[in-house]
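Structural features, examined
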Number of protein chains: 2
Amino acid sequence: MKVELENVKPMDIEKRSFQIITEELGDTPLIPGTELVVKRCIHTSADFDYAGNLCFSPNAVEKAMEAIKHGACIVTDTQMAKSGINKRALARYGGEVYCFMSDEDVAEIAKKNGTTRATASMDKAASLDKKLIFAIGNAPTALVRLYELIEDGKLNPELIIGVPVGFVNVVQSKELIMETEVPYIVARGRKGGSNIAACICNALLYMIDNKRD
Amino acid sequence: MKVELENVKPMDIEKRSFQIITEELGDTPLIPGTELVVKRCIHTSADFDYAGNLCFSPNAVEKAMEAIKHGACIVTDTQMAKSGINKRALARYGGEVYCFMSDEDVAEIAKKNGTTRATASMDKAASLDKKLIFAIGNAPTALVRLYELIEDGKLNPELIIGVPVGFVNVVQSKELIMETEVPYIVARGRKGGSNIAACICNALLYMIDNKRD
């Protein structure tokens, strides 16, 4: 293969990428209002499966944008997702990003209770007196615990981004979240990841900023 | 769907995941010595495409492990990848992780030269007097610049992990790296990401530690 680079200016790379994604999606049906979330997930993964596996509760995107505009904070289950979320954009609306996975008290409680740290960090998040969006890209046990907290009336989040990746209880944990009355964006099946969790948060932020198309 | 959770202890989740991956890979041919890298990429993405798209220069895994054991440092093109790499494991051999993407001097030079910050940050990395492994999960322009630096005799890295994701020059940039004489691990095609870049670094570290199977 002879390598020929496409001549695209740095500032135009993202725009050109979204053009290609839109072209290749063709007539693939997407839920109106969710297109930019779906396309950003494809942009982040080069995986068109996200055009089919992303599930949205009714008006999830609009509700999430409203929550962010009213200062909602984001809780993630990995430092990687926290690192990937545009914290400056979120801060404009008063929100911040939390990840409790490396906290000593979380490690101690998890050890004591024989749970994952993700489970313990969801309990810690539930004690916050704030509007919360959960962005779960790694741990199905985090989603299972969120389900329990919601069913017990101990948590009422603005949105759950349920996109853990993997092979053990990942599929099931996502189905559980879709059984709740809470707004959700879920990547049905095994796929997802911290990168997808962060990119969905950023898609919501950029839609509010109205800077991207 | 009735949701039934599989009863797996927290400490056994990763082991069980690798069992499932191994089962589902079945007879898929993998290059001897690269299996754990491939499986960890699948573990991180739930995407079995990595069984086919990962390309290794001869003995790339062994060479990378030797470099790490001799104190090689890792340069990444995203804070997310830096966040995901097990820095404690790397530090045991004397290495550390660098990401120059947020550095002010990199932003200034990129602006002055009309390049991406990724390009400028590769130049900054090339000035380090250290053994270097590059883990590129986002910017094809980083790979293009590494190719130029290598061809100009200005850089001789221990390994290039070439796994940017996307649609503009991503495929081509990876082919360029595979034309060099430098050891590489490349995800041929559009797929990859910061998560994949970090996970390949961690796979190499865990293989050295010999703690995982």
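Up top is the structure.
Rules and cut-offs
- Residues numbered from 1 in each chain as written.
- Chains lettered and ligands numbered in written order.
- Predicted model: local features only at pLDDT ≥ 70, side-chain atom pairs only at ≥ 80, totals over all residues.
- Heavy atoms only, no water.
- Helix = DSSP H or I, 4+ residues; strand = E, 2+ residues; numbered from the N terminus.
- Buried < 20%, exposed > 50% of the residue type's maximum accessible area, 1.4 Å probe, protein only.
- Contact = heavy atoms within 4.5 Å.
- Areas by Shrake-Rupley, 256 points an atom, 1.4 Å probe, with all protein chains shown as cover.
- Lys, Arg positive; Asp, Glu negative; His and termini not counted.
- Charge placed at Lys NZ, Arg CZ, Asp CG, Glu CD.
- Salt bridge = Lys/Arg side-chain N within 4 Å of Asp/Glu carboxyl O.
- Patch = residues over 30% accessible without salt bridge, like charges linked within 9 Å, V, L, I, M, F, W, Y side chains within 5 Å.
- Pairing = 2+ DSSP bridges.
- Axes fitted to C-alpha atoms, helices over the stretch in contact; angles between N-to-C directions.
- Least-squares fit on C-alpha atoms with pLDDT ≥ 70 in both.
- Parallel < 35°, antiparallel > 145°, perpendicular 65-115°, else oblique.
- Nonpolar A, V, L, I, M, F, W, Y, C, P; charged D, E, K, R; others polar.
- Core = buried A, V, L, I, M, F, W, Y, C linked by side-chain atoms within 4.5 Å.

**Focus on the overall build of chain A**
Within chain A, the regular secondary structure consists of 11 helices and 6 strands. Taken across its 213 residues, chain A has 58% of its residues classed as buried. Contacts spanning at least 24 positions in sequence make up 64% of the contacts within chain A whose residues lie at least 6 apart. Carbon and sulfur atoms form 46% of the exposed surface of chain A, whose accessible area is close to 9,500 Å². Computed over 26 positive and 29 negative side-chain charges, the inter-centroid distance for chain A is 5 Å.

**Considering the pattern of salt bridges**
Within this structure, the stated rule accounts for 28 salt bridges over all chains. Across the salt bridge formed by A:Glu14 and A:Arg40, the nearest N and O atoms sit 2.7 Å from each other. Of this pair, A:Glu14 sits in helix H1 (residues 13-25) while A:Arg40 is found in helix H2 (residues 35-45), placing the two residues 26 residues apart along the sequence. On the accessibility criterion, A:Glu14 (24% relative accessible area) is partly exposed. Look at A:Arg40 and you get buried, because its relative accessible area is 9%. Among the charged side chains, a network of salt bridges with common partners joins A:Asp47, A:Asp49, A:Lys191, B:Asp47, B:Asp49 and B:Lys191.

**Quick word on a negative patch on the surface**
Residue and element names in this part refer to chain A. A contiguous patch of negative charge on the surface is contributed by Glu151, Asp152, Glu179 and Glu181. Tracing the sequence through the fold places Glu151 in helix H9 (residues 140-151). Taking relative accessible area as the criterion, Glu151 reaches 47% and is therefore assigned partly exposed.

**Thoughts on the sheet that holds strand S3 (residues 97-99) of chain B**
Residue and element names in this part refer to chain B. Pairing is mixed in the open sheet, where 6 strands are placed in the order S1-S6-S5-S4-S2-S3. Across the chains shown, the open sheet's two edge strands, defined by having one partner strand only, are strand S1 (54-56) and S3. With strand direction ignored, the average angle separating the axes of adjacent strands in the sheet is 15°. Two strands pair when backbone bridges link them, and strand S2 (residues 73-76) and S3 are joined in this way by 3 bridges, in the parallel orientation. Note that in S3 the partner of Thr76 across the bridge is Cys99. Sitting on the sheet, helix H8 (residues 117-126) is in contact with S2 and strand S4 (132-136), with an inclination near 170° to S4.

**So, the relation of the copies chain A and chain B**
Once chain A is rotated about the relating axis by 180° and shifted along it by 0.0 Å, it coincides with chain B to within an RMSD of 0.0 Å. The transformation relating the two chain copies, once decomposed into turn and shift, fits a two-fold axis. Among all residues of chain A, the minimum C-alpha distance to the rotation axis is found for A:Met80, at 2.6 Å. Taken as a fraction of all interface residues of chain A, those also at the interface in chain B reach 100%, which identifies the copy contact as same-surface.

**What about the side chain of A:Ser45?**
Position of A:Ser45 relative to the elements: it lies in helix H2. Non-local contacts of A:Ser45, meaning those with residues more than four positions away in its chain, are made with A:Tyr50, A:Ile196, B:Val165 and B:Lys191.

**Some thoughts on the packing of helix H4 (residues 60-69) of chain B against helix H11 (residues 194-209) of chain B**
All names here are of chain B. One way to put it is that H4 packs onto H11 with a least axis distance of 10 Å and a crossing angle of 75°. When the axes of H4 and H11 are compared, the pair comes out roughly perpendicular. Residues Val61, Ala64, Met65, Ile68 and Lys69 of H4 pack against Leu204, Leu205, Met207 and Ile208 of H11. Grouping the amino acids of the contact of H4 with H11 by side-chain chemistry returns 8 nonpolar, no polar and 1 charged.

**Some thoughts on the environment of B:Phe56**
Residue and element names in this part refer to chain B. Following the sequence through the fold, Phe56 ends up in strand S1. By relative accessible area, which is 12% here, Phe56 ends up buried. Each C-alpha atom of the pair Phe56 and Val186 lies 6.6 Å from the other, and the pair is 130 residues apart in sequence.

**Thoughts on the nonpolar core**
One finds A:Ile200, A:Leu204, B:Ile200 and B:Leu204 to be the most contacted residues of the largest nonpolar core, which totals 94 residues. If we ignore the near neighbours within four places in the chain, the residues touching B:Ile200 are B:Val37, B:Cys41, B:Leu54, B:Ile161, B:Val163 and B:Ile185.

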